[in-house]
Amino acid sequence: MAEVHIIGQILKAVDFAEPHLYCKWSLQSGNAWRLVQGEVQGQSHVAAHRLQSSSDFAQPLDIHLSTASVQGWPRLLVEVYAVNVLQQSWPVGYGFVHVPSTPGTHSLEIATWKVAPNGLWQSLRERFGGGGAALSKTDLLYSGVERYKLQTLSSGKVIVELNLIFRKFDKYGVEFK
């Protein structure tokens, strides 16, 4: 079977209004893909920015996958959460990116969005640290079927650095130029 090694890190979150952030991530792929080694989901530590609009995570990724088909190519989903002094957390950004389909080093920017408050009370609650609306199903992140019904706002970006190593794709007729 063909193999993909994903080695890298979720580097940082930039341009978020909230100062204390952490990131939950997961790698999702189709039915033909199998995890050989590593973790396909995780969570970073809480990072704070005071002077910059950047929270450094440096969350390592080391995933080894095998596949019999290129259908269902892996994608990296991120959920960025804010934390207040009472240790309450709420989502401030959702986003995803497909893992690049070429070997080598890649620097990716994942644009994120959040659910827009639907009233004055929710706006005030979000503004003063009580939290915002959350998604009940994470498949809304990448599926446009129901996402179009949501009212959303742009939030910040998550910067990811990936090094990809591909093995045995040539034996299955996949060529890289």
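This text follows the structure it describes.
Structural notes, computed from the coordinates.

Conventions we followed
- Residues numbered from 1 in each chain as written.
- Predicted model: local features only at pLDDT ≥ 70, side-chain atom pairs only at ≥ 80, totals over all residues.
- Heavy atoms only, no water.
- Helix = DSSP H or I, 4+ residues; strand = E, 2+ residues; numbered from the N terminus.
- Buried < 20%, exposed > 50% of the residue type's maximum accessible area, 1.4 Å probe, protein only.
- Contact = heavy atoms within 4.5 Å.
- Areas by Shrake-Rupley, 256 points an atom, 1.4 Å probe, with all protein chains shown as cover.
- Polar contact = N/O pair within 3.5 Å; in protein donor to acceptor, adjacent residues only side chain to side chain.
- Phe/Tyr/Trp six-rings, centres within 6.5 Å; stacked < 30°, edge-to-face > 60°.
- Lys NZ or Arg CZ within 6 Å of the ring centre and 35° of its normal.

**Digging into the overall build of the chain**
Then, number 1: Summing up its helical and strand segments, the chain has 2 helices and 10 strands in all.
Then, number 2: Taken from the N to the C terminus, the helices and strands of the chain come in the order β-β-β-β-β-β-β-β-β-α-α-β.
Then, number 3: Within the span of the chain, comprising 177 residues, buried residues form 41% of the whole.
Then, number 4: Put simply, 76% of the contacts in the chain that link residues at least 6 apart link residues at least 24 apart.
Then, number 5: As displayed, the chain offers around 10,100 Å² of accessible surface, 50% of which is attributable to carbon and sulfur atoms.

**Concerning the side chain of E79**
Then, number 1: When you line up the elements, E79 lands in strand β7 (residues 75-83).
Then, number 2: Looking at E79, its side chain comes within polar contact range of the side chain of Y81, at 2.7 Å.

**So, the packing of aromatic side chains**
Pairs of aromatic rings are described using the distance from one ring centre to the other and the angle between the two planes.
Then, number 1: Taken as a whole and judged by the stated rule, the model has 6 aromatic pairs.
Then, number 2: Ring centres of F166 and F169 lie 5.1 Å apart, and the angle between their planes is 35 degrees; this geometry places the pair in the tilted category. Like F169, F166 is buried.
Then, number 3: A network of ring pairs unites the aromatic residues W33, W73, F166 and F169 as a single cluster.
Then, number 4: The ring of Y81 is capped by K24, whose NZ or CZ atom sits 5.0 Å from the centre of that ring.

**A look at the environment of N31**
Then, number 1: Structurally, N31 can be placed in the loop between β2 (20-28) and β3 (33-37).
Then, number 2: Separated by 41 residues in sequence, N31 and G72 place their C-alpha atoms 7.0 Å apart.

**Some details on the environment of W33**
Then, number 1: Here W33 is to be found in strand β3.
Then, number 2: Each C-alpha atom, one on W33 and one on W73, is 8.2 Å from the other, the two residues being 40 residues apart in sequence.
Then, number 3: In this structure W33 touches V4, L65, S66, T67, S69, V70, Q71, G72, W73 and P74, once residues within four positions along its chain are discounted.
Then, number 4: Among the polar contacts made by the side chain of W33, one reaches the main-chain carbonyl oxygen of Q71 at a distance of 3.0 Å.

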